[in-house]
Amino acid sequence: QVQLVESGGGLVQAGGSLRLSCTASGRTFRDWTMGWFRQAPGKEREFVAGIVGLGGRTFYSDSVKGRFTISRDNAKNTVFLQMNSLKPGDTAIYCCAAVATWAVRTSISDYTYWGQGTQVTVSS
């Protein structure tokens, strides 16, 4: 069983930055594609960013491209989401997810394991 635990959420003003972390249990972290998703009140969960384990290829949704950066530290079983130039529209619960593959994955149904999420609130 894989457990994912997120941290780093909080309240920030528009234009500010936050860095989210997600630490995973398990010994094969480098073989997993990791993703960040978010869900705003009254909206469906949506893909934000992902990173492949082997090679570290990254991929982003158009709404965050150029503002958010995903990275990973395989030695610490941790994936990060650096969020800059935050907007009120980025307010949501952010969850990390994992799937045992070396391929790009952007769909909710592609991912096997999920964290509980961390709240990000951006005030105007």
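Because the structure is predicted, anything quoted here is derived from the model rather than measured. (Residues numbered from 1 in each chain as written. Predicted model: local features only at pLDDT ≥ 70, side-chain atom pairs only at ≥ 80, totals over all residues. Heavy atoms only, no water.)

Asks: How do you make sense of the overall build of the protein when you look at a structure like this?
Replies: For the protein, the count of helices and strands is 0 helices and 11 strands. Along its sequence from the N terminus, the protein presents helices and strands in the succession β-β-β-β-β-β-β-β-β-β-β. A compact globule built from 124 residues should have a C-alpha radius of gyration of about 14 Å, and the protein, at 13 Å, falls within 12% of that. Projected onto its principal axes, the C-alpha positions of the protein cover 40 × 25 × 25 Å. (Helix = DSSP H or I, 4+ residues; strand = E, 2+ residues; numbered from the N terminus. Rg over C-alpha atoms; globule rule 2.2 N^0.38 Å.)

Asks: What exactly am I supposed to notice about the side chain of threonine 118 here?
Replies: Positionally, threonine 118 belongs in strand β11 (residues 118–123). Exposure remark for threonine 118: the relative accessible area of 12% places this residue in the buried category. Within polar-contact distance, the side chain of threonine 118 engages the backbone nitrogen of glycine 9 at 3.2 Å. Leave out the neighbours within four places in its chain, and threonine 118 touches Glu6, Ser7, Gly8, Gly9, Leu20, Ala92, Ile93 and Tyr94. (Buried < 20%, exposed > 50% of the residue type's maximum accessible area, 1.4 Å probe, protein only. Polar contact = N/O pair within 3.5 Å; in protein donor to acceptor, adjacent residues only side chain to side chain. Contact = heavy atoms within 4.5 Å.)

Asks: Looking at this structure, I do not really get the pattern of salt bridges. What am I missing?
Replies: When their charged atoms lie close together, side chains carrying opposite charge are able to pair. Per the stated rule, a full pass over the model turns up 4 salt bridges. The residue glutamate 46 makes a salt bridge to arginine 38 at a minimum N-O spacing of 2.6 Å. Given a relative accessible area of 7%, arginine 38 falls into the buried group. Aspartate 90 is paired through a salt bridge with arginine 38; the nearest N and O atoms lie 2.9 Å apart. Residue aspartate 90 is located in the loop between β8 (78–83) and β9 (92–99), and its partner arginine 38 is located in strand β4 (residues 33–39); the two are separated by 52 residues in the primary sequence. Just as aspartate 90 is buried, arginine 38 falls in that class too. If you follow the salt bridges from partner to partner, you end up with Arg38, Glu46, Arg67 and Asp90 in one network. (Salt bridge = Lys/Arg side-chain N within 4 Å of Asp/Glu carboxyl O.)

Asks: Would you take a moment to explain unusual backbone geometry for this structure?
Replies: Phi is mostly negative for residues that are not glycine, and the peptide bonds are mostly trans. Phi at asparagine 77 takes a positive value of approximately 55°, unusual for a residue other than glycine. For asparagine 77, the position within the fold is in the loop between β7 (68–73) and β8. You will see that serine 85, though not glycine, has its phi angle at about 50°, which is positive. The class for serine 85 is partly exposed, based on a relative accessible area of 40%.

Asks: What's the story with the pairing of β9 in this structure? I'm lost.
Replies: Looking along a regular strand, one sees side chains alternate from face to face of the sheet. Of all 8 residues that make up β9, 7 are buried, and the element is covered over most of its length. Of the pairings in the sheet, the one linking β4 to β9 comprises 7 bridges and is antiparallel in character. Looking at β9, one finds that phenylalanine 37 is bridged to cysteine 95. The sheet contact formed by β9 and β11 spans 3 bridges and is antiparallel. (Pairing = 2+ DSSP bridges.)

Asks: Any chance you could explain the pairing of β8 here in plain terms?
Replies: Most of β8 is tucked away: 5 of the 6 residues are buried. Two strands pair when backbone bridges link them, and strand β3 (residues 18–24) and β8 are joined in this way by 6 bridges, in the antiparallel orientation. Across the sheet, the residue bridging to cysteine 22 is valine 79, located in β8. Hairpin connection from β7 to β8: 4 residues lie between these consecutive antiparallel strands, with asparagine 77 at a positive phi of about 55°.

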